[in-house]
Amino acid sequence: MLAKKGYTVRPPSSPDYVADIYRKEKPLAFYTRQDAILANPFAKVEEKHLERLMNIAKTTAISCGICTEKPYQEENAKEGENGVVRIKQHNGVVLSCKHHPLLGYVLSTYREDTAHGGIPVQRQYFYNKEAAFEDFALRSGLVDARKLFNETELAILHSGLVKLRTVDSDLDREGLDAVAALIGRIEEIVPELAGKGAGIVARFQRLEHLMERGR
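About the criteria used
Residues numbered from 1 in each chain as written. Predicted model: local features only at pLDDT ≥ 70, side-chain atom pairs only at ≥ 80, totals over all residues. Heavy atoms only, no water. Buried < 20%, exposed > 50% of the residue type's maximum accessible area, 1.4 Å probe, protein only. Helix = DSSP H or I, 4+ residues; strand = E, 2+ residues; numbered from the N terminus. Pairing = 2+ DSSP bridges. Core = buried A, V, L, I, M, F, W, Y, C linked by side-chain atoms within 4.5 Å. Contact = heavy atoms within 4.5 Å. Axes fitted to C-alpha atoms, helices over the stretch in contact; angles between N-to-C directions. Parallel < 35°, antiparallel > 145°, perpendicular 65-115°, else oblique. Left-handed = near helix turned anticlockwise from the far one by under 90°. Nonpolar A, V, L, I, M, F, W, Y, C, P; charged D, E, K, R; others polar. Salt bridge = Lys/Arg side-chain N within 4 Å of Asp/Glu carboxyl O.

Student: How should the pairing of strand S8 (residues 104–113) be read in this particular structure?
Tutor: Each regular strand shows side chains that alternate between the opposite faces of the sheet. Of all 10 residues in S8, 7 are buried; the element is thus mostly enclosed. What sits between strand S7 (residues 93–100) and S8 in their antiparallel hairpin is a turn of 3 residues. Bridge count between S8 and strand S9 (residues 119–126): 6 bridges; the pairing is antiparallel. In the sheet register, Leu107 faces S9, and the bridge partner there is Phe126. Connecting S8 to the next strand, S9, in antiparallel fashion are 5 residues, including Gly117 with a positive phi near 80 degrees.

Student: Mind showing me how you'd approach the nonpolar core here?
Tutor: Tyr72, Ile87, Leu95, Cys97 and Leu107 are the most contacted members of the largest nonpolar core, which totals 13 residues. Breaking this core down by element, the ones donating at least two residues are strand S6 (85–90), S7, S8 and helix H2 (129–140). If one sorts the elements of this core by residue count, S7 sits on top with 3 residues. In this view, Tyr72 contacts Ala77, Val85, Ile87, Cys97 and Tyr105; residues no more than four positions away in its chain are not counted.

Student: Would you mind showing me how to read the packing of helix H3 (residues 151–166) against helix H4 (residues 173–189) here?
Tutor: Direction vectors running N to C along H3 and H4 enclose 150 degrees, while the axes themselves pass 10 Å from each other. When the interaxial angle is binned, H3 and H4 end up roughly antiparallel. Relative to H4, H3 is oriented so that their crossing is left-handed. On H4, the residues touching Leu154, Leu157, His158, Leu161, Val162, Leu164 and Arg165 of H3 are Leu176, Val179, Ala180, Leu182, Ile183, Ile186, Glu187 and Ile189. Residues belonging to the contact of H3 with H4 are distributed by class as follows: 12 nonpolar, 1 polar and 2 charged.

Student: Could you clarify how one ought to interpret the pattern of salt bridges in this entry?
Tutor: Pairs may arise between side chains of opposite charge once their charged atoms sit close together. Per the counting criterion, the structure on display carries 3 salt bridges. A salt bridge links Lys48 to Glu46; the shortest N-O distance between them is 3.7 Å. Notably, a salt bridge pairs Glu112 with Arg86, separated by 2.9 Å at the nearest N-O pair. Placement of the pair is Glu112 in strand S8 and Arg86 in strand S6, with a sequence separation of 26 residues.

Student: Any chance you could explain the environment of Ala29 here in plain terms?
Tutor: Relative to the elements of secondary structure, Ala29 occurs in strand S3 (residues 26–32). The spacing of Ala29 and Leu53 is 24 residues in sequence and 9.3 Å in space, taken between C-alpha atoms. Sequence-distant contacts of Ala29, that is, excluding residues within four places in its chain, are made with Asp20, Ile21, Ile37, Leu38, Ala39, Asn40, Leu50 and Leu53.

Student: Looking at this structure, how should I read the sheet that holds strand S4 (residues 37–39)?
Tutor: Remark on secondary structure: sheet strands pair via backbone hydrogen bonds, oriented parallel or antiparallel. In space, the 4 strands of this open sheet follow the order S1-S2-S3-S4, with antiparallel pairing throughout. Edge positions in the sheet fall to strand S1 (7–10) and S4, since each has one partner strand and no second. Neighbour-to-neighbour, the strand axes of this sheet turn through a mean angle of 30 degrees, independent of strand direction. Pairing geometry for S3 and S4, over 3 bridges, is antiparallel. Along S4, the bridge assignment pairs Ala29 with Ala39.

Treat this as a map of the structure, not an account of what it does.
Written as structure tokens, this is what we have:
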């Protein structure tokens, strides 16, 4: 998106920056480690360029699913140093977040090392609220991971259920409806699987045909 607007990104010219932003081969601004766009202090930079860069950053953040709304209620959260807010804590695992001017709310989960003063260890960062809360629930033990399926496992179950419903003929109407309901539930969780049933069935049939020829 930056290139379409006439901007280019280059490696940082200083350890204080993450990247340099150029326009027409001239350094226009710098993206700092504090998540801010800083105008080049040694050049005359029009305000419209900074506003345009800010708008591009925010539009990109929203399109990537980055959390832009406050993911906690004030009365249930504790703000610590450097603006880091502790949202939840359970079983030695903490869910926290920090607001960044460009990236919205960056969330993280981590374990507290009680043997060393409760310092954060094994920290993982998230830009998506749902992913952060799910990770916290799993890491803290609020949800038993053994009772959950990941997307790969759901895809395997989906393909098997589609084959069961469309190829096998041993099920009665009640069984077919139950299988259809399960397929629908999986497709709600993984929308990318919707509409792939026909292709899956075709692959199953080709595989079975090859197996029959090899016997």
